[in-house]
Amino acid sequence: MHLEAERRAACCELVADVAHSAGEVRLKLTGTSMLPAMWPGDEVTVQRCSLTNLQPGQVVLFRSNGSLVAHRIIHASADGLITRGDSVPQRDPTVDASAIVGCVVHVVRNHRSIDIKPNWRHRTLAALLRRSHLCLRLTLRLSRITGTNLPAFAPPEAA
């Protein structure tokens, strides 16, 4: 297991280096902490950014305990960022500027661009998922069964 942790940490550093040198990096998400805005399998584009340019409501990618985490900014200050996953009840520890890889600027799901700015439906479902692990599991199961995400959060069909 120690080898796996080292491999993950090395991958995190590689992603951070690519974002820093090339200006952006694309990744496929695996976690569920940002439901309903972002789903496992979504592809995100992350651009490097500085702490001074970040605002509450934006989603950032940062390094934490040898992993990469994409969470929404709750509060930004000169000391760092307070972040939280949309479907996670607790806030993250303060994110130091040196841990920030970049800001999520684009999300693609099923070859379509997704808007991750929270609207009232997003905030309502996120609050429900934060408070009920059962609802989170049912949402993920329904998504797997139907092969789609919740219709309320799917992008509009092209006319």
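Residues numbered from 1 in each chain as written. Predicted model: local features only at pLDDT ≥ 70, side-chain atom pairs only at ≥ 80, totals over all residues. Heavy atoms only, no water.

Talk me through the overall build of the chain; I want residue IDs and the actual numbers.
Within the chain, the regular secondary structure consists of 3 helices and 7 strands. The C-alpha atoms of the chain give a radius of gyration of 16 Å, which matches the 15 Å a tight globule of 159 residues would have. Of all 159 residues assigned to the chain, the portion counted as buried reaches 41%. Of the contacts formed within the chain by residues at least 6 apart in sequence, a portion of 58% connects residues at least 24 apart. Carbon and sulfur atoms make up 55% of the accessible area of the chain, which amounts to about 9,600 Å² in all. Taken as two groups, the 19 positive and 13 negative side-chain charges of the chain have centres that lie 10 Å from each other. (Helix = DSSP H or I, 4+ residues; strand = E, 2+ residues; numbered from the N terminus. Rg over C-alpha atoms; globule rule 2.2 N^0.38 Å. Buried < 20%, exposed > 50% of the residue type's maximum accessible area, 1.4 Å probe, protein only. Contact = heavy atoms within 4.5 Å. Areas by Shrake-Rupley, 256 points an atom, 1.4 Å probe, with all protein chains shown as cover. Lys, Arg positive; Asp, Glu negative; His and termini not counted. Charge placed at Lys NZ, Arg CZ, Asp CG, Glu CD.)

Pulling in residues and values, what's your account of the nonpolar core?
The biggest cluster of nonpolar side chains holds 19 residues, and the ones touching the most others in it are Met38, Val44, Val59, Leu61, Val104, Val107 and Ile116. Contributions of two or more residues to this core are made by helix H1 (2–22), strand E1 (24–28), strand E2 (43–47), strand E3 (59–64) and strand E6 (100–109). Discounting chain neighbours no more than four positions away, the residues touching Val59 are Met34, Met38, Ala70, His71, Arg72, Cys103, Val104 and Ile116. (Core = buried A, V, L, I, M, F, W, Y, C linked by side-chain atoms within 4.5 Å.)

An account of the confidence of the model for the chain is needed here, citing residue identities and associated values.
Looking at the chain as a whole, its pLDDT mean stands at 87, while 92% of the residues score no less than 70. By mean pLDDT, the top-scoring element of the chain is E2 (97), and the lowest-scoring one is helix H3 (residues 133–146) (84). Throughout residues 151–159 the model reports pLDDT below 50, and contacts reaching past four residues in sequence, or to other chains, amount to 11 contacts. (pLDDT = per-residue confidence, 0-100.)

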